[in-house]
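Geometric and topological summary
Below, each chain spelled out in residue letters.
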Amino acid sequence: MILNGGPISPFVARVALAAKFKGLKYDLVAPPNGSKSPEYLAINPFGKVPALKDRSTVLFESSVIVEYLEDAHPDVQRFSSALERRPGGGKFREFLKNR
């Protein structure tokens, strides 16, 4: 997996910690030629970090990425399934299903 971002971003840290807790390996890579470059805007049209590439899947927005990691790598579950029962839990997943 490739995680685009920098080590001081709290949003990148959220994804990095989720991956680490699940025992997933990733490479932390700065956005190619900066976050507003055409190369990076092709990965994340908002030009923000983080972005994650896992095989053929490319995602951005830290909360979406963390949900994806939980679903795509269920062998080590670190987050409670009760999250979806909380107010607002699972809203990103619903949003993505309905697009």
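Residues numbered from 1 in each chain as written. Predicted model: local features only at pLDDT ≥ 70, side-chain atom pairs only at ≥ 80, totals over all residues. Heavy atoms only, no water.

Some thoughts on the overall build of the protein chain
Within the protein chain, the secondary structure is distributed over four helices and four strands. Along the protein chain, from the amino end to the carboxyl end, the secondary structure elements read β-α-β-α-β-β-α-α. Scored against the burial criterion, the 99 residues of the protein chain give a buried share of 34%. As displayed, the protein chain has an accessible area near 6500 Å², and 59% of this comes from carbon and sulfur atoms. (Helix = DSSP H or I, 4+ residues; strand = E, 2+ residues; numbered from the N terminus. Buried < 20%, exposed > 50% of the residue type's maximum accessible area, 1.4 Å probe, protein only. Areas by Shrake-Rupley, 256 points an atom, 1.4 Å probe, with all protein chains shown as cover.)

Side note on the pairing of strand 3 (residues 51–54)
As paired strands, strand 1 (residues 2–4) and strand 3 are joined by three bridges and run antiparallel to one another. Looking across to strand 3, one finds that L3 is bridged to L52. One ladder, built from four bridges, connects strand 3 with strand 4 (residues 57–60); its direction is antiparallel. Each residue of the ladder has a partner; that of L52, found in strand 4, is L59. Taking the residues that link successive antiparallel strands as the turn, the strand 3-strand 4 hairpin has two residues, and the phi of R55 there is positive, at about 55°. (Pairing = 2+ DSSP bridges.)

A closer look at unusual backbone geometry
Between V49 and the following residue, P50, the backbone shows a cis peptide bond with an omega angle of 5°. Along the polypeptide, P50 turns up in the loop between helix 2 (38–43) and strand 3. Here R55, not a glycine, exhibits a phi torsion of approximately 55°, which is positive. One non-glycine residue, E61, lies in the positive phi region at around 80°. E61 gets classed as partly exposed once you look at its relative accessible area, which sits at 37%.

Quick word on the pattern of salt bridges
Scanning the model with the defined rule gives two salt bridges in all. The partner of E70 in a salt bridge is K22, with the nearest N and O atoms 3.3 Å apart. Taken together, the positions of E70 in helix 3 (residues 62–72) and K22 in the loop between helix 1 (10–21) and strand 2 (27–29) put the pair 48 residues apart, joining distant regions of the chain. Across the pair, K22 and E70 agree in class, each one buried. The shortest N-O distance in the salt bridge between D54 and R55 comes to 3.7 Å. (Salt bridge = Lys/Arg side-chain N within 4 Å of Asp/Glu carboxyl O.)

Details of the packing of helix 1 against helix 3
The N-to-C vectors of helix 1 and helix 3 enclose an angle of 5°; their axes lie 9 Å apart at closest approach. By the angle between their axes, helix 1 is roughly parallel relative to helix 3. Together, F11, R14, V15, A18 and A19 of helix 1 and S62, S63, I65, V66 and L69 of helix 3 make up the contact between the two elements. Class assignment for the residues of the contact of helix 1 with helix 3 results in seven nonpolar, two polar and one charged. (Axes fitted to C-alpha atoms, helices over the stretch in contact; angles between N-to-C directions. Parallel < 35°, antiparallel > 145°, perpendicular 65-115°, else oblique. Contact = heavy atoms within 4.5 Å. Nonpolar A, V, L, I, M, F, W, Y, C, P; charged D, E, K, R; others polar.)

Here we look at the packing of aromatic side chains
A full pass over the atoms with the stated rule returns one aromatic pair. Between F46 and F60, the aromatic rings sit 5.6 Å apart at their centres with planes inclined by 75°, giving edge-to-face as the arrangement. On the criterion of sequence distance, the pair formed by F46 in the loop between helix 2 and strand 3 and F60 in strand 4 is long-range, its members being 14 residues apart. On the accessibility criterion, F46 (51% relative accessible area) is exposed. (Phe/Tyr/Trp six-rings, centres within 6.5 Å; stacked < 30°, edge-to-face > 60°.)

It is worth stressing that arrangement in space is one thing and function is another; only the former is reported here.
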